[in-house]
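Structural overview for review
Listed here are the chains, written in short residue letters.
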Amino acid sequence: MAKKILLSGIQPTGAPHVGNYFGMMKQVIDLQNEYETYGMIVNYHALTTISNKTELEENTKNVVLDFLAIGADPEKMILFKQSDVPEHVELTWIFNCLVTMPWLSRAHAFKDKTDKGIEASVGLFDYPVLMAADILLYDTEVVPVGEDQRQHVEMAREIARKFNANYGDTFAEPKEMIKAEVAIVPGTDGQKMSKSYGNTIPLFGTDEEIQKAVMSIVTDSGTDIPANVYAIHKLFKTEADLAPIYEENKGKYKALKDALLADILAFVTPMRERREYYVNNPDLVAEILRKGSEKANAKASAKMQDVRKKVGLD
Ligand code: AQP
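A brief look at the structure comes next. (Residues numbered from 1 in each chain as written. Predicted model: local features only at pLDDT ≥ 70, side-chain atom pairs only at ≥ 80, totals over all residues. Heavy atoms only, no water.)

Digging into the packing of aromatic side chains
- Applying the stated criterion to the full structure yields 15 aromatic pairs.
- Geometrically, the ring pair formed by Y21 and F267 is edge-to-face, given 5.8 Å between the ring centres and 75 degrees between the ring planes. With Y21 in helix 1 (residues 18-31) and F267 in helix 13 (residues 253-279), this residue pair connects regions lying 246 residues apart in the sequence.
- The class of F267 is partly exposed, set by a relative accessible area of 25%.
- Measuring from ring centre to ring centre gives 5.2 Å for F236 and F267, while their planes differ by 90 degrees; the resulting arrangement is edge-to-face. (Phe/Tyr/Trp six-rings, centres within 6.5 Å; stacked < 30°, edge-to-face > 60°. Helix = DSSP H or I, 4+ residues; strand = E, 2+ residues; numbered from the N terminus. Buried < 20%, exposed > 50% of the residue type's maximum accessible area, 1.4 Å probe, protein only.)

Structural data, given as structure tokens:
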């Protein structure tokens, strides 16, 4: 029986953090045996917030290494850069002509980003449509994401439905996969961990960077258990394992942060080693991306051929 199709994307907009890892990346790695899996570095999306060439190139390279470091198996996962498959942009245009501005204005992420001072470019406004093209091009059925992306997957579903109703059955309707316990991983200030809030713990930071982030976790004085420390700690250890540690160190915030730091460092050590291996083998990484884009292109171009025929562009 054919495997179900899973796809997820990450923007090369900075160092992936603990929230990206538990909210999305880990799910993709855990499911790569079970699904036909597409792991995509969405560099077209990143252009909505990055206008520096070197920064975009460096981030892209790093995110590929991060994906490999956390366990992406290139024999199982199709790992590729979005810009290696130009059909994403072509399909976006076709979808753009199908959706309306008032409908797109409903996207929360656009409002959040512009509220944070990010310029309201047409690209940023159109982000959900590009994301719909990303997902629908591959007949994706399952999209592991954090809660912040739920609405975008819903919008992809609506676009699939509208296209199918107008042009005939073409796209599968995708479903978001959101794990309740990691739907919104909190940052060092208790808000959603987010690159643009400056409250992240970088997954592949140096010891010093991770230490600095952990020590900056806001502690709510007056309680035995510092809620923000505990919320992050339970990503790395079971609550049963944490119980004696938090019992022994009631109210000792520094000791509890030290324990969290030690657990994070132990967790990332094998990943860092794998990352180092790929850093030292750039030709291998280039080959993995080449093969990934070849497979992604084959699938996307077949789909686009069908779409062009259906809309009258063939
Ligand atoms: N705090 C989080 N908890 C759970 N999941 C999260 N994700 C992000 N933050 C959390 C999920 O990570 C995936 C990749 O995210 P992205 O690179 O597309 O960017 P993002 O969602 O915009 O991540 P940030 O850090 O929040 O960046 P900014 O600040 O630029 O918006 C997605 O599946 C996302 O849900």
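A few points about the packing of helix 4 (residues 87-96) against helix 8 (residues 127-136)
- Where helix 4 contacts helix 8, the axes come no closer than 8 Å and their chain directions differ by 120 degrees. Here helix 4 is positioned oblique relative to helix 8, judged by the angle of their axes. Relative to helix 8, helix 4 is oriented so that their crossing is right-handed. Together, H88, L91, T92, F95 and N96 of helix 4 and V129, L130, A132, A133, D134 and L136 of helix 8 make up the contact between the two elements.
- In terms of residue class, the contact of helix 4 with helix 8 is built from seven nonpolar, three polar and one charged. (Axes fitted to C-alpha atoms, helices over the stretch in contact; angles between N-to-C directions. Parallel < 35°, antiparallel > 145°, perpendicular 65-115°, else oblique. Left-handed = near helix turned anticlockwise from the far one by under 90°. Contact = heavy atoms within 4.5 Å. Nonpolar A, V, L, I, M, F, W, Y, C, P; charged D, E, K, R; others polar.)

Some details on the site of the ligand
- Among the 22 residues in the neighbourhood of the ligand, the closest are listed as H17, D148, K192, S194 and S196.
- Q11 is positioned such that a nitrogen or oxygen atom in its backbone is 3.1 Å from an oxygen atom of the ligand.
- Contact between the ligand and H17: an oxygen atom at 2.6 Å from a side-chain N or O atom of the residue.
- Contact with the protein chains hides 95% of the accessible area of the ligand, taken as 640 Å² for the molecule alone.
- At the level of elements, strand 1 (5-10) and helix 1 are the ones that each hand at least two residues to the shell around the ligand.
- Each residue belonging to the shell around the ligand can be placed in one class, and the counts come to eight nonpolar, 10 polar and four charged. (Near = heavy atom within 4 Å. Polar contact = N/O pair within 3.5 Å; in protein donor to acceptor, adjacent residues only side chain to side chain. Areas by Shrake-Rupley, 256 points an atom, 1.4 Å probe, with all protein chains shown as cover.)

A look at the pattern of salt bridges
- All chains considered together, the criterion is met by 24 salt bridges.
- The partner of E36 in a salt bridge is K299, and the shortest N-O contact between them spans 3.5 Å. With a gap of 263 residues between them, E36 in strand 2 (residues 36-41) and K299 in helix 14 (residues 282-311) connect regions that are remote in the sequence.
- Judged by relative accessible area, E36 falls into the partly exposed class, the value being 27%.
- Through salt bridges with shared partners, a single network forms among E147, R150, R157, K175 and E176. (Salt bridge = Lys/Arg side-chain N within 4 Å of Asp/Glu carboxyl O.)

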